[in-house]
Amino acid sequence: MDQMELDLKNCFLEEAEQLLTDAESCFMSIEKSLNNKPELDDILNKIFRLAHNLKGSSKAVGFEEMGELTHHFESYLLKLKNNELPITAAAITLLLECNDFLEGMMATLKMDFSTKIDVGPLIRKLEVAGGATM
């Protein structure tokens, strides 16, 4: 791996940390905004944009597993955003679980960019929660 690729990956991980911190803050605000539709819509739109950015950037720097997980995470968020799924305590817990998992992935990738992380179980959880057929 050349220096430019190393720099890109390190830069991505630094920026991704901020995206996940911002997302976690939004997740914590959801419950307080359940009775305020415009505010809730704003929060969900922000989380969706953060997930979309993380998905595209992670794939661009070669972190395919992170890109795959965030793709499914984004799909689940879209269903919440479009009122296809109710925003419940379980939904918020799943969002936070994904955020924590992604933070753990980043910590692992910082130590070794080539580490492969099994995202399958969490993807299946998102699919089940989102109503996807297996």
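Just so it is clear, the model here is predicted, and its values are computed rather than measured.

Undergrad: Quick rundown of the environment of Glu-97? Include the residues and the values.
TA: Its location among the elements puts Glu-97 in helix α4 (residues 89–111). When its relative accessible area of 31% is taken as the criterion, Glu-97 is described as partly exposed. Along the sequence, Glu-97 and Asp-42 sit 55 residues apart, while their C-alpha atoms lie 21 Å from each other.

Undergrad: With reference to specific residues and values, describe helix α1 (residues 3–30).
TA: Its 28 residues give α1 an end-to-end C-alpha distance of 41 Å, which sits within 8% of 40 Å, the value for a rise of 1.5 Å per residue. Inspection of α1 places Lys-9, Phe-12, Leu-13, Ala-16, Leu-19, Leu-20, Ala-23, Cys-26, Phe-27 and Ile-30 among the buried residues, and these make up the whole buried set.

Undergrad: How would you summarise the packing of α1 against α4 if you had to cite specific residues and measurements?
TA: In the contact formed by α1 and α4, the axes pass within 10 Å of each other and the chain directions differ by 165 degrees. By the angle between their directions, the pair α1 and α4 is classed as roughly antiparallel. α1 and α4 meet at a crossing whose hand is left-handed. In this structure, α1 contributes Leu-13, Ala-16, Glu-17, Leu-20, Ala-23, Glu-24, Phe-27, Met-28 and Ile-30 to the contact, and α4 contributes Ile-92, Leu-95, Leu-96, Asn-99, Leu-102, Glu-103, Met-106, Leu-109 and Lys-110. In terms of residue class, the contact of α1 with α4 is made up of 13 nonpolar, 1 polar and 4 charged.

Undergrad: I'd like a rundown of the nonpolar core, residues and numbers included.
TA: Formed by 42 residues in total, the largest nonpolar core has its most connected members in Ile-30 and Met-66. When residues of this core are traced back to their parent elements, those giving at least two are α1, α2 (37–60), α3 (64–81), α4 and α5 (120–129). What Met-66 contacts, discounting residues up to four positions off in sequence, is Phe-12, Leu-54, Ser-58, Leu-102, Met-105, Met-106 and Leu-109.

What counts, and where the lines are drawn
- Residues numbered from 1 in each chain as written.
- Predicted model: local features only at pLDDT ≥ 70, side-chain atom pairs only at ≥ 80, totals over all residues.
- Heavy atoms only, no water.
- Helix = DSSP H or I, 4+ residues; strand = E, 2+ residues; numbered from the N terminus.
- Buried < 20%, exposed > 50% of the residue type's maximum accessible area, 1.4 Å probe, protein only.
- Expected span 1.5 Å × (residues − 1).
- Axes fitted to C-alpha atoms, helices over the stretch in contact; angles between N-to-C directions.
- Parallel < 35°, antiparallel > 145°, perpendicular 65-115°, else oblique.
- Left-handed = near helix turned anticlockwise from the far one by under 90°.
- Contact = heavy atoms within 4.5 Å.
- Nonpolar A, V, L, I, M, F, W, Y, C, P; charged D, E, K, R; others polar.
- Core = buried A, V, L, I, M, F, W, Y, C linked by side-chain atoms within 4.5 Å.

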